[in-house]
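Summary of the model geometry
Okay, here's what each chain looks like letter by letter:
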Amino acid sequence: MDAQGRGRADNIDPADQWVLNPNTGEYELRLPPSGAQSGVPRPRRGTAPAGTRTRSAPGRDRAAPERERDAPRREREPSGPDVPGPRRRRAEPPEPLPGRRRGRNKPPKKSKAKKILLWTGGTMALVLVVVAGAAYAYIKHLEGNVQTTDIGSSGKSGFSKDEAFNLLIIGTDKRTGAGNSGYGDKNSVGHADTNILLHVSKDRTNATALSIPRDLIVDIPECKTKRADGTEESIKGTDNVRFNTSLGQDDRNPGCTMDTVKAVTGITVDHFMMADFNAVKTLTTAVGGVEVCLAKNVDDANSHLKLSAGKHVIEGEQALAFVRTRHSFGNAGDLDRIKVQQQFIGSLMRKMSSGDTLTDPTKLIKLAEAATKALTVDTGIGSVSTLKDMALELKKVPTKNITFATVPVVDNPAEKGYHATVVVDPTKAQPVFDAIKNDVSFTAVKQKQKKEKAAVAARLKGSRSAASDIRVDIYNGGAEAGSAQETLNWLQNDEGVLKSSQLGNADAPLSKTTLEYSPDQADQARKLADLMGLSGSAMKPGKSEKNSQGLPAIVLTLGKDFKGAGVPLTAPTKAPDVEKSTADKTVCAK
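What you are looking at is a predicted structure, and each value in this text was computed from that prediction instead of being measured.

Observations concerning helix H5 (residues 316–324)
In terms of burial, H5 is largely enclosed, as 7 of its 9 residues are buried. Restricting attention to buried positions, one finds in H5 the residues Gly316, Ala319, Leu320, Ala321, Phe322, Val323 and Arg324. Where H5 is buried, its residues meet helix H4 (277–286), strand S12 (290–294), strand S15 (310–314) and helix H6 (334–352).

Here's the deal with the confidence of the model for the protein chain
In this model, the protein chain carries an average pLDDT of 77, and 69% of its residues clear a pLDDT of 70 or more. Here residues 34–90 scores under 50 on pLDDT; set against residues more than four positions off or in separate chains, the count is 37 contacts.

Structural notes on the nonpolar core
Counting residues in hydrophobic clusters, the biggest one holds 29 residues, and the most contacted among them are Leu168, Leu210 and Val261. By residue number, the principal contributor to this core is helix H10 (residues 429–437), which donates 5 residues. With residues up to four places along the chain from it excluded, the contact list for valine 261 reads Leu168, Leu197, Ile212, Phe243, Gly266, Ile267 and Val269. Listed in part, the 27 residues of the second largest apolar core include Leu488, Ala525, Leu531 and Phe562.

So, the side chain of serine 465
Within the secondary structure layout, serine 465 lies in the loop between helix H11 (446–460) and strand S20 (471–476). What serine 465 contacts, discounting residues up to four positions off in sequence, is Ile470, Asp523, Gln524 and Lys527.

Here we look at the packing of H4 against H5
In a packed pair of helices, the relevant descriptors are the angle between the two axes and the axis-to-axis distance. H5 packs onto H4 with a crossing angle of 125 degrees between their chain directions and a minimal axis gap of 8 Å. By the criterion of interaxial angle, the relationship of H4 to H5 is oblique. Crossing geometry of H4 relative to H5 is assigned as right-handed. Facing H4, whose interface residues are Phe277, Val280, Lys281, Thr284 and Thr285, H5 presents Gly316, Glu317, Ala319, Leu320, Val323 and Arg324. By residue class, the composition of the contact of H4 with H5 is 5 nonpolar, 3 polar and 3 charged.

Each value, and the rule that gives it
Residues numbered from 1 in each chain as written. Predicted model: local features only at pLDDT ≥ 70, side-chain atom pairs only at ≥ 80, totals over all residues. Heavy atoms only, no water. Buried < 20%, exposed > 50% of the residue type's maximum accessible area, 1.4 Å probe, protein only. Helix = DSSP H or I, 4+ residues; strand = E, 2+ residues; numbered from the N terminus. Contact = heavy atoms within 4.5 Å. pLDDT = per-residue confidence, 0-100. Core = buried A, V, L, I, M, F, W, Y, C linked by side-chain atoms within 4.5 Å. Axes fitted to C-alpha atoms, helices over the stretch in contact; angles between N-to-C directions. Parallel < 35°, antiparallel > 145°, perpendicular 65-115°, else oblique. Left-handed = near helix turned anticlockwise from the far one by under 90°. Nonpolar A, V, L, I, M, F, W, Y, C, P; charged D, E, K, R; others polar.

Have a look at this one:
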């Protein structure tokens, strides 16, 4: 019997017998064994083959072997698995009359649809292999576009998806690239002209983009840079200079700018991204333009921006002119230009995350090319896959919860008459820095606020004992040396907490001060929290310990956040009221 006859006899579609051989790329005939050739009968449908475990009746399961009792329970497969046989074409034909043999049927021609299915099946497999190879090659191509700088200990060596992160975005005034030599100082070494510290919260519900004015007077700390041959060079610090000289001046690299940010704000920067004039032109062109809004007509001779009042979609040279314009907005200073730049970046973020961009392969490829060619990053995020991970984490943040703000400043008091520079406002700036360090949102993230309020209410609400009734053991868990003794003296001499002891260092350092207590000491814990200025999140209900007299005592562990005896430790739960905008709204430049 030939292939077609056997297929007909077994009720098998002949087209199903042709299988693509991956080694040769050709379709070959694979025949199922006939009844006479088969030595082992196929299992009946619905009958479990030998060795297959079947489901017992409810309540009748046998105990598993001893070694499996503690193993994770796995979902059982359905009883009686049966590999489906060849597709049946039609019902079984009637048995032929005795003495008569079934005639050999003529092989039917494959339908046109069958032929297309067979050939496109093989072609599609080939296309998938080619596409996968092309994607890998394209990623390697993008890797070659990315420029990196080794900043040593100034930043992190890698990126974590599970933590809050701080990214310093630097826009330099370097005039390299086609058509850029006519802008400003063509001999600039590349100062930090635009600086945005982007903080992305741990839970990805919010982000804060804090602009740092280039004309802010700061003390630039000593920093280390790496030469091309791998050796390190120390660059001396400079006091009372503009922030923008933290990059480029005296061969300082972005790591020096990151160190300067930490010196000014107290916020540790994890990574940096740096872009020049070309980045603005290429990125805006790649996404098909960015919408901006003007409250008045602008014809700026310095930046060459000429636009009428209202909304416009700009890209390329026009987009660069927009972010460089200073004399036509506000008081013609850098602080008002920062507001315009923040509005522009918010619009660019909306466009990059829009459906028009994400569903357009051509735009995505252009954007990938433009972004990787335009940016310089630290080695910790220097691969395309890591940059992709960071972008996906940022994409989780709703644009309505991305806040743009500027470091609060005042005019430099050292300048008389015309003020060209500014200094940090000592009153308003610190709460802003503290909010970012403590991962506090500048937007109304109701769920987070509600959770924090509930925790505070549950732990701080209730009666308070007298200070003299508090029994507490004090440990140093990361505060400055001598802090535990200082706190003991303060509690006993100033606050009347006489049943207190200082027991040295804790077993492990803590980032934040904690107060552990048993339920029957809650009134003592609430009183001590009031004295120490602790928030509800610092209070840890659970177990206490026995002091030297064998009596239960609260455990106070001073963490790295400890600021001194008598100084409140309550972390801000509400961001300070500063001038700000959010990335989801269009604001017209004035």
